[in-house]
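# Observations on chain architecture
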Amino acid sequence: MQNEFDVVIIGGGVSGCAAFYALSEYSDIKRIAIVEKCDKLAKVSSSPKANSQTIHDGSIETNYTAEKAKKVKLSAYKVRHYALRKNLQNKIIFENQKMAIGVGDSECEFMRKRHESFLEIFPQLEFFDKARIKELEPKVILRSDGSDRPENVVASGFQKDWCAMNFGLLSEHFVQEAKTLNPSNEVFLNFRVKKIEPRAGGYALISENSDEIYAKFVLVNAGSYSLPLAQSMGYGMDLGCLPVAGSFYFVPDLLKGKVYTVQNPKLPFAAVHGDPDVVIKGKTRMGPTALTMPKLERNKHWFGGISMELFKMDLNKEVFKIAFDLFSDKEIRDYVFKNMIFELPYFGKKKFLKDAQKIIPSLQLHELEYAEGFGEVRPQVLDRSKKKLELGEKKIATNKGITFNMTPSPGATSCLQNALVDAQEITAYLGGKFDLERFFQDLSPEELKTL
């Protein structure tokens, strides 16, 4: 049958495309397909408009523990090795300066201790005092009158690092490589999966237009839609979803590299950071904000795209209890309300300016511009049995030939690591082979010694 495949991947973002490539390059699986609901790949969360275009390796993300940073670094370096091996420098991967700053005595002390403890993981990590920061990132130190800001400021980071990436173009490159390796692989665009049915030892994927594609194994990498698809088949019923939409603001080209700030450990979302945009030259992106909304995908209209699937997942007492516990904390409650204000015309811009001035103290209101159409929903998983918010990625492996992945940030950074895990599961299930040694040789030489 023409539309019969060994593996079908639902979702044409960077995670799905990475799995498509890994299976094509390193396994003996013969026929693989991607189905994507949009008219092109990487149009939602993997679009360069949807994320901060950062390869998160844990060096400047202050909410990462040393243990997490060790794992994330290995994931991040797989993506970096791929891009450099394929000669994608200054096309898909970009070299930038990057640092995490501490502002004020308590944050400076935190950054000093963190820097010392992270040197074991990142031996080339540099510590910058206020004078050195002024040389590297003058706008971080200078006020509008040209004088130095009064607070003490220190930073930890790199003067040069391959740390910025266009994940949309990376997605397309994965697919091009996979189709070159195996021309029988297919990509089906405008294929929105309405239903997945067990069929003849495998599965039938049925679209809204009643088209059908068949697979022996289905890998669901559909972002916010992975959990609704899982629950439509009776899996993951103990989970809920907290959709958090991130927005950005543009400022002129004021930063030379990425500047991150110290994360409040109570807050489950990223602190504001500044990133020179790799697509829109001459602009620095500031953000993200974090606004919960009843949507699985961002829409330009406030009430557009409200998700009925979300209400089915979350209208229960356990999810309400998790939300109540979160809002009971004053810092989290104030943060949520502040981010709601960020979305308002004029008032939001004025409120956000205060946060942005922690990075660029000289920033003026007229230099701040809401980045219309930028940002996307990041689904945060709620564990109803534990009654808590589960940060990071979540996998539902059924051991029945279908797996569901939810990959909020740093999911794009971890795309090849997740592809490795999924490819090994898929080949084992189908009785195929995966060349782990060659995968490590190409993408993670650091891990060869673990074989």
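Summary of the structure given here. Along every chain, residues carry numbers that run from 1 in the direction the sequence is written. The predicted nature of this model means local features are confined to residues of pLDDT at least 70 and side-chain atom pairs, given and counted, to a pLDDT of 80 or more, with totals for whole chains, interfaces and linings taken over all residues. Side-chain measures were taken over the full set of non-hydrogen atoms in the model, leaving aside hydrogen atoms and water.

### Regarding the pattern of salt bridges
Each salt bridge in this description consists of a side-chain nitrogen of Lys or Arg and a carboxyl oxygen of Asp or Glu lying within 4 Å of one another. Scanning the entire structure with this criterion turns up 23 salt bridges. For Asp57, the salt bridge is made with Lys98, and the minimal N-O distance between the two is 3.2 Å. Here Asp57 is found in the loop between strand S2 (32–35) and helix H2 (66–85), whereas its partner Lys98 is found in strand S3 (residues 93–103), with 41 residues between them in sequence. There is no split in this pair, since Asp57 and Lys98 are both buried. Measuring nitrogen to oxygen at the nearest pair gives 3.1 Å for the salt bridge that ties Arg149 to Glu151. With relative accessibility at 31%, the residue Glu151 sits in the partly exposed group. A run of H or I in DSSP becomes a helix once it reaches four residues, and a run of E becomes a strand once it reaches two; helices and strands are each numbered from the N terminus. Exposed residues in this analysis have more than 50% of their type's maximum accessible area, buried residues have under 20%, and partly exposed residues fall in between, with area computed by a 1.4 Å probe over protein chains only.

### Describing the nonpolar core
Core analysis: the largest hydrophobic core is formed by 43 residues, its most contacted members being Met165, Leu170, Phe174 and Leu416. At 9 residues, helix H1 (residues 14–26) tops the list of elements feeding residues into this core. Setting aside its immediate chain neighbours within four residues, Phe174 contacts Val14, Cys17, Ala18, Tyr21, Tyr82, Cys415 and Leu416. Residues belong to one nonpolar core when they are buried, are Ala, Val, Leu, Ile, Met, Phe, Trp, Tyr or Cys, and are joined through side-chain atoms within 4.5 Å. Working rule for contacts: check all heavy atoms of both residues, and any pair within 4.5 Å makes them a contact.

### Comments concerning helix H13 (residues 436–443)
Among the residues of H13, Phe439, Phe440, Asp442 and Leu443 are the ones counted as buried. Within H13, the buried residues cover an arc of 165 degrees as seen down the axis, which keeps them to one side. Of all possible arcs, the one meant is that of the directions from the helix axis to the C-beta atoms.

### Some words on the sheet that holds strand S10 (residues 239–245)
Strands are labelled as partners when DSSP assigns at least two bridges between them. If you walk across this open sheet you meet the 4 strands as S15-S10-S17-S18, and the pairing is antiparallel. Each edge of the sheet is formed by a strand with only one pairing partner; in this case those strands are strand S15 (291–292) and strand S18 (388–390). Sheet topology note: the strand S17 (residues 377–383)/S18 ladder contains 3 bridges and is antiparallel. Opposite Val381, over in S18, you have Glu390 as the bridge partner.

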